Amino acid sequence: MASILEFKNQDILEGSSKINSSKKINRIDHYIKNIKKTKSFYYLSRNKEFKKYSEKHLETFLSDEFLNYRKLWNEQPNNIIQNPIKYFDKKAKFNPLCVDLEVASICDLACPHCFREYVATPDKIINIEFAKQIIDQVVDMKIPSMKFNWRGEPLLFSKLPEVIDYAKSKGVIDTIINTNATNLDEKKSIEIIKSGLDHLIYSFDGGTKKTYEKMRPGRFKENKFEDVYSNIINFKKIKDKLGSPFPFTKIQMVLTEDTRKEIENFYSNFNSYVDEVTVTQYSERGGKISNLSIKVRNQIIDYFEKNNLDMDTPYMVEANGDILVSDKRKPCKQLFQRLMVTYNGKVGMCCVDWGATHNLGYLNEAGYNFRNDENKILDSVSKDKKGFELLKNIKLAKEFNSPKHEVQSLDNIWDGEELNKVRKAHLDINPEKIDICKNCENKDTYEWKKIN
């Protein structure tokens, strides 16, 4: 693909790229530069224990905490992967670096490339008291980061700003959401900015109206390109008016047959209104070779044939046109970085295990009856209810692991038998022992080799 754009690999998400990132300050530098304007600094400076310290001391303390957390994001899993014996001898106690808390499993879109189109996903909102209980556990474990979404659209949770503010007041350093921005009106924008949210990631697939509306159709009403585009532009204007450097904003587009042709349009549409523009690999069910251009398709097939590789061998085409293939797995870093918590208290081991099908345990008794909520979605589809017309292909997800029905703490689950069995399989470079990991489409769990 001929392009005047410069692509730079992100330090997360294999095969995903920042566009012209060298011309803008990165997220880490942005946080440090504006640290006195974070909600973390606001609450720290009003904390009785810290009142005796100068502003400079607090600034240094918070900067060190944030930088250490970002350093550990890759360093922590890498150290364990390189020295698994030390880990299993229990000589190295470590905590998660992030907990993803699903405040809403409902979504108002029906994107054809999303798991929601194939897996029954409840239209539910979290109980705010349960959300605060999880935040309290996160704080007790000194976990520095929380992301307030997983499978759904977090702005559909009306009390999201309250929950973010609560997390910041308790000492969570980095708060994050992904949003489709359909509900990001002026009122919600002001609430989100004032909540102290640190990082907002827009998901917006398409550089043109035609592609966007094809990729992101509405479930309950028509979703229009111009409406969401305006929301994103106005959010930037409101941030500027309020004089707030936060949240740091990133927009990302999934690379598909249609969107690959529109990367330059996508960049030009948003570069002036967000802090970072990125493109990411389509990694939920994996693309098909038939969806690629004839030239790229033939290059991949030719390489497979010459090297006696199966046609199901994982491949990846980066934004700059580089073609990569993999014949080797590697341990998943997420097992040593984060936990996923559903709205009803099930705990998942990674963001790709849609709905925690390899369930690690429960933080709430409501999680025991998760099938009831999923069956309600199937029933709504069978009755042709409004908002379910585009979900005709959904089925119940398989249950790959069924832990004992007991409410545990985050700490116990993180260092418990269920997750450690998965970690051991990965550290042995044998993730196929775990059913959910066999055909994982997360690009980060493969070793890649460039072939062109």
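Use the structure listed above.
Quick summary incoming for the structure in this document. (Residues numbered from 1 in each chain as written. Predicted model: local features only at pLDDT ≥ 70, side-chain atom pairs only at ≥ 80, totals over all residues. Heavy atoms only, no water.)

A few words now on helix α7 (residues 186-195). In an α-helix, one turn spans 3.6 residues, which is why side chains three or four residues apart end up on the same side. When we look at burial in α7, the residues that qualify are K188, S189, I192, I193 and S195. Looking down the long axis of α7, one finds its buried residues gathered within 160° of arc, a one-sided arrangement. Exposed positions of α7 whose direction lies more than 90 degrees from the buried face are E186, K187 and K194. Contacts made by the buried residues of α7 are with α2 (39-45), α6 (160-170), β6 (199-203) and α9 (225-242). Trailing α7 by a residue or two, G196 shows a phi angle of about 100°, which is positive. (Buried < 20%, exposed > 50% of the residue type's maximum accessible area, 1.4 Å probe, protein only. Helix = DSSP H or I, 4+ residues; strand = E, 2+ residues; numbered from the N terminus. Arc of directions from axis to C-beta. Contact = heavy atoms within 4.5 Å.)

The next thing to look at is helix α10 (residues 263-270). The complete set of buried residues in α10 reads I263, F266, Y267, N269 and F270. The buried side chains of α10 occupy one side of the element, clustering within an arc of 165° when seen end-on.

Taken across its 5 residues, β6 has 5 buried, putting it largely inside the fold. Burial along β6 is two-sided: H199, I201 and S203 and L200 and Y202, pointing in opposite directions, are all buried. Here strand β5 (residues 174-179) runs beside β6; their pairing, made up of 4 bridges, is parallel. Residue pairing for β6: I177 is matched across the bridge by L200. With respect to chirality, the unit in which β5 leads through α7 into the neighbouring parallel β6 is right-handed. Strand direction decides the pairing type here: β6 and strand β7 (residues 248-254), joined by 5 bridges, are parallel. Looking at β7, one finds that S203 is bridged to Q252. (Pairing = 2+ DSSP bridges. Right-handed = clockwise from strand over helix to strand, strands pointing away.)

It is worth spelling out the packing of α6 against α7 at this point. Contact geometry for α6 and α7: axes closest at 8 Å, N-to-C directions at 10°. Between α6 and α7, the angle is such that the two are roughly parallel. In this structure, α6 uses L160, P161, I164, D165 and K168 to contact α7, whose residues at the interface are E191, I192 and S195. The residue makeup of the contact of α6 with α7, split by class, is 4 nonpolar, 1 polar and 3 charged. (Axes fitted to C-alpha atoms, helices over the stretch in contact; angles between N-to-C directions. Parallel < 35°, antiparallel > 145°, perpendicular 65-115°, else oblique. Nonpolar A, V, L, I, M, F, W, Y, C, P; charged D, E, K, R; others polar.)

Let's shift gears to the pattern of salt bridges. Where charged atoms of side chains with opposite charge meet at close range, the side chains can pair. Going through the model one piece at a time under the given rule, you end up with 28 salt bridges. D240 is the partner of K236 in a salt bridge, and the nearest nitrogen-oxygen pair spans 3.4 Å. Taken as a pair, K236 and D240 lie in helix α9 at a separation of 4 residues, close to a single helical turn. Note that D428 is salt-bridged to K424, the shortest N-O span being 2.9 Å. Linked through salt bridges whose partners overlap, the residues forming this network are R116, D123 and R219. (Salt bridge = Lys/Arg side-chain N within 4 Å of Asp/Glu carboxyl O.)

With that settled, the discussion passes to the sheet that holds strand β13 (residues 446-450). The strand order across the open sheet formed by 3 strands is β9-β10-β13, and the pairing between neighbours is antiparallel. The sheet terminates laterally at β9 (315-317) and β13, the two strands that pair on one side only. With direction set aside, neighbouring strand axes in the sheet form an average angle of 35°. Note: strand β10 (residues 323-329) against β13, 4 bridges, orientation antiparallel. Bridging from a neighbouring strand, V325 pairs with K449 of β13. On top of the sheet, helix α11 (residues 294-306) reaches β9, β10 and β13; it is set at about 35° to β10, its chief contact.

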